[in-house]
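Descriptive structure summary
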Amino acid sequence: MEKNISRRRFLKNSAATSVSLIIGLNSKGILATNKTNTVINPFVRMDQEGFVTVIAKHFENGQGISTGLATLLAEEMDADWEKVKVEFAPANAEQYKHTFWGYQATGNSESIANSFMQYRAAGAMAKDLMIRAASKKWGVKTDEIDVQNGIMRVGTKKGSFGEFVTDAVNLTPSKNPKLKTPDQFKLIGNQDLSRKDNEAKTDGSAIYGMDVKVPGMVYASVVRSPRFGGTLKSFDVSKAKRVPGFIEAKVFPDKRGVIVYAKNTWSAFQTKKALLTKWDFSNAESRSTSDMVSDCQKLAENPEFEPRPFKTDDDKQPVKDLNHLEAEFFFPFLAHSPMEPLNCIIEPTKNGVRFYDGCQNPSGVQWASSYILGLQPQQIEVKTIYAGGSFGRRNSPAVKDLYQAEAAIAFALLGKKTPVKLVWDREDDIRGGYYRPMAFHKTKIGLDAKGKILRWDHRIATKSISKGTDFEKFLVHNGVDHFSVEGCVDTLYQLPNMSVGLSDFKSSIPVLWWRGVGHTHTAYAMESLLDMVAQRTGKDPIELRLDLLNSNDLKQQRMAHVLKISRRRSGWKKGNKRGFAAHYSYKTFVAVVADVSATGKQVHIDKLHITVDCGVPVNPDVIRAQMEGGAGYGLGALLRNEITFAKGQVEQSNFDTYLPLRISDMPEIDVEIVMSNETPSGVGEPSVPPTGPAVANAIFAVTGKRILELPMTQSGFQFV
Amino acid sequence: MLFKLKINGNVLDVEAEPQTPLLWVLRDDLDLTGTKFGCGISSCGACTVHLNGTPVRSCSIPIESAIDSEITTIEGIQGKVANAVQQAWREKNVVQCGYCQSGQIMSAVGLLKNNPSPNNQEIDGAMSGNVCRCATYFRIRDAIKLASQKLEA
Ligand code: FES
Ligand code: FES
């Protein structure tokens, strides 16, 4: 990317290093170096040297989308992959909206799906212009021209895209350029494409929000209530004033906390520690985790809502009279803890403000900050840069809860003239809320004498993610937040007489989508239960599932196919001591076979065999990386992570108490991608849900102990 | 206070409080932002730099105790081992968000300098202080092995 190239040069050229880096100006400098940049359409720019710059409307938080969008565009263009660069789009919903949502943001593992046709069409349009320009100059028919790797040829005539850029500007782009058929793909599905962000991310030159410095900028950080829902009573700044670099302390208008301003990041963090605060806890959460669990247990007794009602006439026998099994599952609150603690920069511009941010939701940032600052959304510029992970944390269904909105408040409180960088430390990240909600499942399954499932009673108690947010009207129906029950209420398995009940757990602890959202707990419960049924009835777990899938339904058929491929690829045998689980989420089908070894309660996860059907595999290696990463992310939480409360206060604070997955925990991973011509679907999230239950089922197979309470260390296991 | 630091082969003047962690001097004062902040308590390795060739956590080293050492950051690594590691990282497409990777690479270079052909256990031992929230560990292991092969060749 231009800014990174420029930064690299910048560093190389500066013998000493004590100079400020100013992003934005640098990239302009590069653009000016005697090249003509031609904007073909909002998604691609070309220059005379033949470089093709793809404008990415989605942010890059590691999921590989900058490579993905470049692939789609370069494919149809037949561009030279080595000459393709990527740059992030500015905030401009009209041009860069998510085609399914109508505004500009990234999420729901849908970036490739919603861009698949759009970026290909943009590439095809650019190629068509090149061909027509060449045909005019060479006096040949357009269909005589062959294009490969950015070079056009006819007979002995040969020319690169770069040579025709200026001619192409005078042509009218065609509205419906012809797209390739899948058999013509060279880049889509190519195993050997390298990531576009490889270089900048291995030489220290990739720029994240945390790295941005603009002239005159101050550093801000927030002291928050130690209990969620508390408000500030008073604060004493006298000790904080003695911290070198201290500038100011200001209270949020709604008293949610105090913003401290300082001359650098370290002073801001030190100032926070020195600030004395008193809080009003009258509306704050004051329960401990054990109280919350028993409250959830009670809630699950009598579901408030019926996302999938039980049709009584389907069934003559009540569950208690059947051969039945029962299980209760508990899932803790989880922090996302992206590697880069949250932060962003806001500075005044002539006409409004500019954010520098690893921005997941540019439209949301425009809405929220324009409201706070009394500006029009168009007056808010967003310069998107790399994000050091998100896993859901960088976006919110309520734009007022976006961290960039807090930065706008910090900027406003300081008089709207001084650039502000708002920075979280790791403690803020882990204690700051917006967790994957705690969830409790109470389940009962009735079987007939032969072990056939006759009845499935599933009740969930969890806090709603959507209620009270901008998403409520889309995602809450008849009181049911889809995020609370997804993956259970809409299971692909044909379960006779299944009923799902839901109760909302209420608390001021803020919750948020977390990589895999509702599926992170529903898949664990569903797939553990099926394993329990298989064990009770002596059936093979994969056979049992295949029997519950109807081959007349396309989705169920694709799932069955994935199950069979997984069985073959992993060498699964009936009765082997391994774990199996599968799950459908984000329109993608994933099956996981887990191999673990155990000595007493000491477990090592040896290997995961992951099989995925995500439609047309655009970047196979990125898909593999997402399967590996999703499995690892899920595993980290599964083994050791929980946010717990003691009288309303979070008990964890940093990576010494919220223990991240480490290299020695990481199993071998084999990923098999199912060949498919279906529309591409998600890959960022879908491997998280089935990994947990596959591992749990493997631990059961090896140790005979069923883990119903997470994290697994709470069930007495150690992972070595 | 004024400190003279030897960083990436240059001697640089810095005005800072003696207790300021080296990490923040590198990042906020010297604009060497390739070294990252992840936890501030020696638990994640994002801030790993070399002090006289040995990987250390710069978030937990007060600047006053770094004045006599040769400090190397991701921006300043060079030589056979560093090249092999960076090259292997690219060939294996290790990075995802990338935020931890400067630290990972600094630890890997430190490991391979001492032990050009580490086994799995030695890799895990040397890399266990480096957290990757994107869980790129599987490829990190692979890339270290590839770098080791490159060094042997
Ligand atoms: S920031 Fe130094 S180890 Fe985490
Ligand atoms: S690549 Fe994202 S934390 Fe390691």
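The residue numbers shown here count from 1 along each chain, following its written sequence. Working convention: letters from A go to chains and numbers from 1 go to ligands, in the order in which they are written. Thresholds applied to this predicted model are a pLDDT of at least 70 for local features of residues and 80 or more for the giving and counting of side-chain atom pairs; totals over whole chains, interfaces and linings are not thresholded and use all residues. Based on all heavy atoms of the structure, the side-chain values leave hydrogens and waters out of the count.

A short note on the overall build of chain B
- The helix count covers DSSP runs of H or I at least four residues long, the strand count covers runs of E at least two residues long, and both are numbered beginning at the N terminus. Counting secondary structure elements, chain B contains 5 helices and 5 strands.
- The helix and strand sequence of chain B, counted from the amino end, reads β-β-α-β-β-β-α-α-α-α.
- Throughout, the radius of gyration refers to the C-alpha atoms, and the reference size of a globule is 2.2 Å times the residue count to the power 0.38. Taking 2.2 N^0.38 as the reference for a compact globule, 153 residues should give roughly 15 Å; the C-alpha atoms of chain B span a radius of gyration of 15 Å, in line with that estimate.
- Each principal axis of the C-alpha distribution contributes one length, and for chain B these read about 45 × 30 × 25 Å.
- The proportion of buried residues among the 153 residues of chain B is 65%.
- Only the protein chains shown count as cover for residues, and the accessible areas themselves come from Shrake-Rupley with a 1.4 Å probe. Surface accessibility of chain B: about 5,200 Å² in total, with carbon and sulfur atoms responsible for 46%.
- A positive count includes Lys and Arg, and a negative count includes Asp and Glu. His and the chain ends are not counted in either. Charge coordinates come from a single atom per side chain, which is NZ of Lys, CZ of Arg, CG of Asp or CD of Glu. The distance from the centre of the 14 positive side-chain charges to the centre of the 15 negative ones in chain B is 11 Å. Note on classification: 1.4 Å probe, protein chains only; a residue is buried when its accessible area is under 20% of the maximum for its type, exposed when over 50%, partly exposed between these limits.

Here's the deal with the domain arrangement of chain A
All names here are of chain A.
- Each domain span listed reflects an automatic or database assignment of domains. Each assigned domain of chain A is listed with its residue range as follows: domain 1 (5-203), domain 2 (210-282 + 342-423) and domain 3 (289-334 + 434-719).
- Each partner contributes to the interface: domain 1 provides 20 residues, whereas domain 2 provides 24 residues.
- In short, buried area is how much 1.4 Å probe accessible area vanishes from two parts on joining, totalled over both. The contact between domain 1 and domain 2 buries some 1,700 Å² in all, and 62% of this surface belongs to carbon and sulfur atoms.
- For this document, the term salt bridge refers to a Lys or Arg side-chain nitrogen within 4 Å of an Asp or Glu carboxyl oxygen. Inspection of the region where domain 1 meets domain 2 yields 0 salt bridges.
- In protein, a polar contact requires one atom able to donate a hydrogen and another able to accept it; more generally it is a pair of N or O atoms within 3.5 Å, and residues adjacent in sequence count only if both atoms are side-chain atoms. In this structure, the connection of domain 1 to domain 2 is made through 4 residue pairs in polar contact (both at pLDDT 80 or more).
- Three residue categories are used. Nonpolar comprises Ala, Val, Leu, Ile, Met, Phe, Trp, Tyr, Cys and Pro, charged comprises Asp, Glu, Lys and Arg, and polar comprises the others, including Gly. Looking at the side of domain 1 that touches domain 2 residue by residue, the class counts come to 11 nonpolar, 6 polar and 3 charged. We call two residues in contact whenever any of their non-hydrogen atoms come within 4.5 Å of each other.

A closer look at helix α17 (residues 554-570) of chain A
Residue and element names in this part refer to chain A.
- By definition here, a helix of n residues has an expected span of 1.5 Å times n minus one. The terminal C-alpha atoms of α17, which comprises 17 residues, lie 24 Å apart, in line with the 24 Å expected from a rise of 1.5 Å per residue.
- Every buried residue belonging to α17 is among Gln556, Arg558, Met559, Ala560, Val562, Leu563, Ile565, Ser566 and Ser570, and all of these are buried.
- On the buried face of α17, the contacting elements are α16 (541-547), β24 (579-585), β25 (588-599), β26 (602-613) and β29 (668-673).
- Between a side-chain oxygen at the N-terminus of α17 and the backbone nitrogen of Lys555 the separation is 3.1 Å; the capping residue is Asp553.
- Looking one or two residues past α17, Gly571 carries a phi angle of roughly 70 degrees, positive in sign.

Concerning the pattern of salt bridges
Residue and element names in this part refer to chain A.
- The tally for this structure, following the rule as stated, stands at 48 salt bridges over all chains.
- Lys272 is the partner of Asp425 in a salt bridge, and the nearest nitrogen-oxygen pair spans 3.5 Å. Taken together, the positions of Asp425 in the loop between β18 (420-423) and α12 (426-431) and Lys272 in helix α8 (residues 265-274) put the pair 153 residues apart, joining distant regions of the chain. Across this residue pair, the class does not change: Asp425 and Lys272 are buried.

Some points on the interface of chain A and chain B
- Taken together, the 70 residues of chain A in the interface contact 54 residues of chain B.
- Summed over both sides, the interface of chain A with chain B buries roughly 5,000 Å², with 55% coming from carbon and sulfur.
- Between Asp211 of chain A and Arg27 of chain B there is a salt bridge, with its nearest N and O atoms 2.9 Å apart.
- Our count for the contact surface shared by chain A and chain B stands at 31 residue pairs in polar contact (both at pLDDT 80 or more).

Some details on the domain arrangement of chain B
All names here are of chain B.
- Segmenting chain B into domains produces domain 1 (2-72) and domain 2 (80-152).
- Placing the centre of domain 1 and that of domain 2 at their C-alpha centroids yields a distance of 21 Å.
- Between domain 1 and domain 2, the contact holds 13 residues from the first and 10 residues from the second.
- Overall, the association of domain 1 and domain 2 removes approximately 960 Å² of surface from exposure, summing both partners, and the carbon and sulfur fraction of that is 54%.
- Connecting domain 1 to domain 2 are 0 salt bridges.
- Among the elements of the structure, β3 (48-51) and β4 (54-57) are those that each provide at least two residues to the side of domain 1 that touches domain 2.
- Here the side of domain 1 that touches domain 2 takes 3 residues from β3, the largest share from any one element.

Details of the environment of Gly487 of chain A
Residues and elements named next belong to chain A.
- Position of Gly487 relative to the elements: it lies in the loop between α14 (482-485) and β23 (498-504).
- In the structure, Gly487 is positioned 59 residues away from Asp428 in sequence and 31 Å away in space, judged by C-alpha atoms.
- The residues contacting Gly487, other than those within four sequence positions of it, are His519, Thr522, Met526 and His583.

So, the packing of helix α3 (residues 65-77) of chain A against helix α5 (residues 111-138) of chain A
Residues and elements named next belong to chain A.
- At a minimum axis distance of 6 Å, the contact between α3 and α5 shows a crossing angle of 35 degrees. Every pair of crossing elements has a handedness; the one defined by α3 and α5 is right-handed. Taken together, the residues of α5 that come into contact with α3 (itself represented by Ile65, Gly68, Leu69, Leu72, Leu73, Glu76 and Met77) are Ser111, Ile112, Ser115, Phe116, Tyr119, Arg120, Ala122, Gly123, Ala124, Ala126 and Lys127.
- Among the residues making up the contact of α3 with α5, the classes are represented as 11 nonpolar, 4 polar and 3 charged. Axes, fitted as lines to C-alpha atoms, cover a helix only where it is in contact. Angles between the N-to-C directions of the axes lie from 0 to 180 degrees. Here a crossing is called left-handed whenever its near helix is offset anticlockwise from the far helix by less than a right angle, and right-handed whenever the offset is clockwise.

A look at the sheet that holds strand β10 (residues 246-251) of chain A
Residue and element names in this part refer to chain A.
- Here the rule is simple: two strands pair whenever DSSP picks up at least two bridges between them. Strand order in the open sheet formed by 7 strands is β10-β11-β8-β18-β15-β16-β17, with mixed pairing between adjacent strands. Among the strands making up the open sheet, the edge pair consists of β10 and β17 (380-384). The average angle at which neighbouring strand axes cross in this sheet is 25 degrees, direction not considered.
- Bridge analysis of β10 against strand β11 (residues 257-262) gives 5 bridges, and the strand direction is antiparallel. The residue bridging Phe246 from the neighbouring strand is Ala262, located in β11.

Some points on the nonpolar core
- By size, the foremost hydrophobic cluster in this structure holds 214 residues, and its most contacted members are Met152, Phe333 and Met712 of chain A together with Trp89 of chain B.
- It is α5 of chain A that contributes the most residues to this core, 11 residues altogether.
- Residues within four places of Met712 of chain A in sequence aside, it is in contact with Tyr524, Leu638, Leu639, Gly692, Val695, Ala696, Ile699, Ile707, Phe717 and Phe719 of chain A.
- By size, the runner-up hydrophobic cluster in this structure holds 31 residues, among which are Tyr261, Phe355, Cys359 and Leu414 of chain A. Residues enter a nonpolar core if they are buried and are Ala, Val, Leu, Ile, Met, Phe, Trp, Tyr or Cys, with the set joined through side-chain atoms within 4.5 Å.

Points about unusual backbone geometry
- Pro711 of chain A follows Leu710 of chain A through a cis peptide bond whose omega is 0 degrees.
- Its location among the elements puts Pro711 of chain A in the loop between α19 (688-703) and β30 (718-719).
- At Asn8 of chain B, a position not held by glycine, the phi torsion is positive, near 50 degrees.
- Relative to the helices and strands, Asn8 of chain B is located in the loop between β1 (2-7) and β2 (10-15).
- The residue Ser42 of chain B is not glycine, and still its phi comes out positive at about 60 degrees.
- Along the chain, Ser42 of chain B falls in the loop between α1 (22-29) and β3.
- A relative accessible area of 37% means that Ser42 of chain B is categorised as partly exposed.

Structural notes on the packing of aromatic side chains
- Two rings from Phe, Tyr or Trp (for Trp, the six-membered ring) form a pair when their centres sit within 6.5 Å of each other. Planes less than 30 degrees apart are called stacked, planes more than 60 degrees apart edge-to-face, and all others tilted. Applying the stated criterion to the full structure yields 25 aromatic pairs over all chains.
- Both rings, one in Phe269 of chain A and one in Trp24 of chain B, keep their centres 5.9 Å apart while their planes meet at 85 degrees; by these two values the pair is edge-to-face. Of this pair, Phe269 of chain A sits in helix α8 while Trp24 of chain B sits in helix α1, which puts the two residues in different chains. Judged on exposure class, the residue Phe269 of chain A and its partner Trp24 of chain B are both buried.
- Ring geometry for Trp24 of chain B versus Phe37 of chain B: centroids 5.0 Å apart, planes at 50 degrees, classification tilted. Separated by 13 residues along the polypeptide, Trp24 of chain B in helix α1 and Phe37 of chain B in the loop between α1 and β3 bring together distant segments of the chain.
- Through a chain of ring-to-ring contacts, the aromatic side chains of Phe88, Tyr208 and Tyr386 of chain A together with Tyr99 of chain B assemble into a single cluster.
- Of note, Arg120 of chain A hangs over the ring of Phe116 of chain A, and the distance from its end group to the ring centre comes to 4.9 Å.
- Think of it as a cone above the ring: NZ of Lys or CZ of Arg counts as a charge over the ring if it is within 6 Å of the ring centre and within 35 degrees of the ring normal. When the ring centre of Phe700 of chain A is taken as origin, the NZ or CZ atom of Arg706 of chain A, which lies over that ring, is 3.9 Å away.

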